[in-house]
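Per-entry structural report
Here's the letter readout for the chains.
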Amino acid sequence: TVFALMVQHQALISLVQPDYRPHLLRPSDLNLLLHYVSTRCGSQQPQPQQQQQNYHWFPICLPRFHASGFLHCFVQSLSDNGLT
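Okay, so let's go over this structure. Bear in mind the structure is a predicted one, so any value in this text is a computation, not a measurement.

**Considerations on the nonpolar core**
With 12 residues, the main nonpolar core is built from Phe3, Leu25, Leu30, Leu33, Val37, Cys41, Phe58, Ile60, Leu62, Leu71, Cys73 and Val75. Mapped onto this core, the elements with two or more residues apiece are α1 (27-41), β3 (55-60) and β4 (71-76). Sorting elements by how many residues they give to this core places α1 first, with four residues.

This is how it looks when you write it as structure tokens:
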């Protein structure tokens, strides 16, 4: 199952997800994911003499999606103005 989200400044702009009901992201899971991305991926300051990565991979447990498993997320920043 593949999901695509476009987020800017912690606001969900677009969401693409399958029509299959058991694989839908619930609002509580989306809030958890958006909070994690904004705090973990959006606030990293580059260290001197290091390049800042514009992408992140991380596993996350979304309880309403699947309480005993992990969803693997890929987050990429499209620009320097906060669009993730």
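**Regarding the pairing of β4**
Burial of the side chains of β4 is restricted to one face: Leu71, Cys73 and Val75 are buried, whereas none of His72, Phe74 and Gln76 on the reverse face is. As judged from the six bridges shared by β3 and β4, these two strands associate in the antiparallel manner. Looking at β4, one finds that His56 is bridged to Val75.

**Digging into the side chain of Asp29**
Structurally, Asp29 is set in helix α1. Arg64 provides the closest opposite charge to the buried, unpaired Asp29, separated from it by 5.9 Å. Here the side chain of Asp29 touches Phe65 through a polar contact of 2.7 Å, landing on its backbone nitrogen. Setting aside residues no more than four positions away along its own chain, Asp29 makes contact with Leu62, Pro63, Arg64 and Phe65.

**Examining the environment of Tyr20**
Among the structural elements, Tyr20 can be located in the loop between β2 (11-16) and α1. Since its relative accessible area comes to 52%, Tyr20 is described here as exposed.

**Observations concerning α1**
If you check α1, its first and last C-alpha atoms are 20 Å apart, about what 15 residues at 1.5 Å a residue would give, namely 21 Å. Of all the positions in α1, only Asp29, Leu30, Leu33, Leu34, Val37, Ser38 and Cys41 are classed as buried. Buried positions in α1, seen along its axis, are confined to an arc of 160° and lie on one side of it. In this structure, α1 carries Asn31 and His35 as exposed residues pointing more than 90 degrees from its buried face. At its buried positions, α1 is contacted by β1 (4-8), β2, β3 and β4.

Cut-offs applied
- Residues numbered from 1 in each chain as written.
- Predicted model: local features only at pLDDT ≥ 70, side-chain atom pairs only at ≥ 80, totals over all residues.
- Heavy atoms only, no water.
- Core = buried A, V, L, I, M, F, W, Y, C linked by side-chain atoms within 4.5 Å.
- Buried < 20%, exposed > 50% of the residue type's maximum accessible area, 1.4 Å probe, protein only.
- Helix = DSSP H or I, 4+ residues; strand = E, 2+ residues; numbered from the N terminus.
- Pairing = 2+ DSSP bridges.
- Lys, Arg positive; Asp, Glu negative; His and termini not counted.
- Salt bridge = Lys/Arg side-chain N within 4 Å of Asp/Glu carboxyl O.
- Polar contact = N/O pair within 3.5 Å; in protein donor to acceptor, adjacent residues only side chain to side chain.
- Contact = heavy atoms within 4.5 Å.
- Expected span 1.5 Å × (residues − 1).
- Arc of directions from axis to C-beta.

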